[in-house]
2 protein chains.
Amino acid sequence: MVSKSQIKFITSLQQKKYRDKEGLFIAEGPKVISELREAGLKLNSFFSSELSEDTSNVFFSITDAELQRISGLKTANKSLAIFEIPKKSTITSEGLILALDAIRDPGNLGTIIRLCDWFGVTELICSLDTADCYNPKVIQATMGSIARVNVHYLNLAEYLFNAPVPIYGGVLNGQNVYDSKMPKKGIIVMGNEANGISEEIIEALTNKITIPQFGTEQKTESLNVATATAILLSEFRRTTEM
Amino acid sequence: MVSKSQIKFITSLQQKKYRDKEGLFIAEGPKVISELREAGLKLNSFFSSELSEDTSNVFFSITDAELQRISGLKTANKSLAIFEIPKKSTITSEGLILALDAIRDPGNLGTIIRLCDWFGVTELICSLDTADCYNPKVIQATMGSIARVNVHYLNLAEYLFNAPVPIYGGVLNGQNVYDSKMPKKGIIVMGNEANGISEEIIEALTNKITIPQFGTEQKTESLNVATATAILLSEFRRTTEM
């Protein structure tokens, strides 16, 4: 049984200001929830419409109808959990770091966090106007990998201008990435969905790289930022760790 | 001014059975619409809340409120167009072909069509249970590249068993893609979001390839199918066309 005040509290966590205030975020569905629990994230409360042997005091057995009332999904998926937002860690500057300049779409951010996890990139630096990584849509798209990637929000220009490593940026008219030599230690910057990397941040780049287009037709379109990130991370790992 | 019967007709095109019956599909927003028009797709009707010099008999000036009533988007984006579904073309078997086995998510399919466009893959073969490429969510995700990629729906197993070229499949335990020699002419198969390539189709593969994981932690997760497709297409183009 969920009370009216619980419903109000849980749905308020769909908004960043309440997540920040409470230090809590929502995850939905058995798979994502179990990945986050296994990764050691601290559970605040756990609502499920499935039979469970969980007898802890954070577990609440609820009906499907109640679950739908607290869910942010169109169709609720068996369970919803509230986790504590982990304490901020310090940035380790070893190895490969990914930086995002104003990525606005939560699905793109979630997919990029999942890519970081796959390619062993533990530090993800985000400009202050990038989407919030605890947005429920981001959490769903990460498939649990948010627990294995440290996401930092900061003044990106300031951070980059003080970084002592090479800074690569994905742009439209740079050097062909297949011909580029990539370092083991460095930062890759990816820009906003519509506008690319901002002018200020472009100034901080040491290397501009581009994924070449193929085929004969003239195209006006660019790659989606998440698929471009996939290709660049693959290229860095292929050329430096093989 | 849009009539009630027009609203009913337009919103019916959100469903595949009415798109098939009428031979029409919906595209929304100035960018996608203009890309499709430039690519030569035949316009059936065009509704816009913006001032326009278009005086053709397919153009209808409507209010924002009316546009929202015919839109499938949460927030309508200035214009909505209905295009004719192009006549089916025959499959050319030259060069690189991408085949999809039961891709269900319209966003993934749209992103993959956009990738085909970028990497010059003009033929996309889909199993009969793959999402419909004229689903409005697919159209929005393709950003207009649907006009430059020929999408074919057919019995995928039958097609692959009769194909006279090497067939590569993206799997979890195959050969490291970075160590694989790729041909100029061949087919890449990508599988369903949850289950990968089906058992029947696995039998048709001549080469199984895998994108290696990096980092020290044990991960249970796989890559999203669109990002995996991005990396494999990049690898084929990098190794065979440079």
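Residues numbered from 1 in each chain as written. Chains lettered and ligands numbered in written order. Predicted model: local features only at pLDDT ≥ 70, side-chain atom pairs only at ≥ 80, totals over all residues. Heavy atoms only, no water.

Caption draft 1: Up close: the pattern of salt bridges. All names here are of chain B. In this structure the tally under the stated criterion is 18 salt bridges over all chains. The shortest N-O distance in the salt bridge between R19 and D132 comes to 2.7 Å. With R19 in helix α2 (residues 16-22) and D132 in the loop between β6 (123-126) and α6 (136-142), this residue pair connects regions lying 113 residues apart in the sequence. In this structure, R19 and D132 share a single accessibility class: buried. Note that D129 and R104 form a salt bridge whose closest N and O atoms lie 3.5 Å from each other. With a gap of 25 residues between them, D129 in the loop between β6 and α6 and R104 in the loop between β5 (96-100) and α5 (106-118) connect regions that are remote in the sequence. (Salt bridge = Lys/Arg side-chain N within 4 Å of Asp/Glu carboxyl O. Helix = DSSP H or I, 4+ residues; strand = E, 2+ residues; numbered from the N terminus. Buried < 20%, exposed > 50% of the residue type's maximum accessible area, 1.4 Å probe, protein only.)

Caption draft 2: Molecular detail of the layout of surface pockets. Residue and element names in this part refer to chain B. Approximately 730 Å³ is the volume attributed to the second largest pocket. Lining the second largest pocket we find 28 residues, and of these I85, P86, K88, Y134 and V151 sit closest to its centre. Mapped by element, the contributors of at least two residues to the lining of the second largest pocket are α2 and β7 (150-153). Counting residues per element, the lining of the second largest pocket draws most heavily on β7, at 4 residues. Here the lining of the second largest pocket is composed, by residue class, of 14 nonpolar, 6 polar and 8 charged. When residues of the lining of the second largest pocket are sorted by domain, at least three fall in each of domain 1 (4-84) and domain 2 (96-241). (1 Å grid on protein atoms, 1.4 Å probe; cavity = no way out; pocket = protein on both sides within 12 Å on 5 of 7 lines; lining within 4 Å. Points joined across faces, edges and corners; volume = space filled by probe spheres on them. Nonpolar A, V, L, I, M, F, W, Y, C, P; charged D, E, K, R; others polar. Domains from an automatic or database assignment.)

Caption draft 3: Molecular detail of the relation of the copies chain B and chain A. Under the fitted operation, chain B is carried onto chain A by 0.0 Å of movement along the axis and a turn of 180°, and the coordinates agree to an RMSD of 0.0 Å. The superposition of one copy onto the other is thereby described by a two-fold rotation axis. Of all interface residues in chain B, 100% are interface residues in chain A too; the two copies therefore contact each other through one and the same surface. (Least-squares fit on C-alpha atoms with pLDDT ≥ 70 in both. Contact = heavy atoms within 4.5 Å.)

Caption draft 4: The arrangement of the interface of chain B and chain A in detail. Opposite the 36 residues of chain B that make contact, chain A presents 36 residues. With both sides pooled, the region where chain B packs onto chain A buries about 3,400 Å², and carbon together with sulfur makes up 62% of that total. Of all residues in chain B, the largest losses of buried area upon contact with chain A belong to W118, F214 and E221 of chain B, amounting jointly to 24% of the total for that side. One can count 2 salt bridges joining chain B with chain A. Close ionic contact of R238 of chain A with E235 of chain B constitutes a salt bridge, the shortest N to O distance being 3.7 Å. Remark: the boundary between chain B and chain A carries 6 residue pairs in polar contact (both at pLDDT 80 or more). Put simply, the parts of the chain that give the side of chain B that touches chain A at least two residues each are α3 (30-38), α5 and α9 (225-241) of chain B. Per-element accounting of the side of chain B that touches chain A gives the leading share, 9 residues, to α9 of chain B. Partitioning the side of chain B that touches chain A into residue classes produces 13 nonpolar, 10 polar and 13 charged. (Buried area = accessible area lost by both parts, 1.4 Å probe. Polar contact = N/O pair within 3.5 Å; in protein donor to acceptor, adjacent residues only side chain to side chain.)

Caption draft 5: Summary view of the sheet that holds strand β4 (residues 79-84) of chain A. All names here are of chain A. With mixed pairing, 4 strands are arranged side by side in an open sheet as β1-β4-β2-β3. Strands with a single pairing partner mark the edges of an open sheet, and in this sheet they are β1 (24-28) and β3 (59-61). When strand polarity is set aside, the average angle formed by the axes of neighbouring strands in this sheet is 15°. Sheet topology note: the strand β2 (residues 43-48)/β3 ladder contains 3 bridges and is parallel. Of the residues in β3, the one forming a bridge with F47 is F60. Packing of helix α3 (residues 30-38) onto the sheet brings it into contact with β1, β2 and β4, and relative to β4 it is tilted by some 30°. (Pairing = 2+ DSSP bridges. Axes fitted to C-alpha atoms, helices over the stretch in contact; angles between N-to-C directions.)

Caption draft 6: Focus on the domain arrangement of chain A. All names here are of chain A. Per the domain assignment, the segments of chain A are domain 1 (4-84) and domain 2 (96-241). Here domain 1 and domain 2 have C-alpha centroids that lie 30 Å from each other. Every contact between the two is made by 14 residues of domain 1 and, on the other side, 11 residues of domain 2. Between domain 1 and domain 2 the total buried area reaches about 1,100 Å² when both faces are included, carbon and sulfur atoms providing 66% of it. Sorting the residues of domain 1 by area buried against domain 2 places R19, F25 and V32 first, and these three jointly supply 37% of that buried surface. A salt bridge links R148 to E35; its shortest N-O distance comes to 3.3 Å. Linking domain 1 to domain 2 there are 4 residue pairs in polar contact (both at pLDDT 80 or more). Breaking the side of domain 1 that touches domain 2 down by element, the ones donating at least two residues are α2 (16-22), β1 and α3. Across the side of domain 1 that touches domain 2, the residue classes tally to 8 nonpolar, 1 polar and 5 charged.

Caption draft 7: Broad picture of the nonpolar core. Core analysis: the biggest nonpolar cluster contains 102 residues, and L124 and I211 of chain A together with I211 of chain B have the highest contact counts within it. Sequence-distant contacts of I211 of chain B, that is, excluding residues within four places in its chain, are made with W118 and F119 of chain A together with V177, Y178, L223, A228, I231 and L232 of chain B. (Core = buried A, V, L, I, M, F, W, Y, C linked by side-chain atoms within 4.5 Å.)

Caption draft 8: Molecular detail of the pairing of β1 of chain A. All names here are of chain A. For β1, the tally of buried residues reaches 5 of 5 residues, placing the bulk of the element in the interior. Taking every second residue as pointing to the same face, both faces of β1 are buried, with L24, I26 and E28 on one and F25 and A27 on the other. Across 5 bridges, the pairing between β1 and β4 is antiparallel. Opposite L24, over in β4, you have E84 as the bridge partner.

Caption draft 9: View of the sheet that holds strand β1 (residues 24-28) of chain B. Residue and element names in this part refer to chain B. The strand order across the open sheet formed by 4 strands is β1-β4-β2-β3, and the pairing between neighbours is mixed. Because the sheet does not close on itself, it has two edges, and the strands there are β1 and β3 (59-61). Across this sheet, the average inter-strand angle for adjacent strands is 15°, counted without regard to direction. Taken strand by strand, α3 contacts β1, β2 (43-48) and β4 (79-84), and its axis lies near 30° from that of β4.

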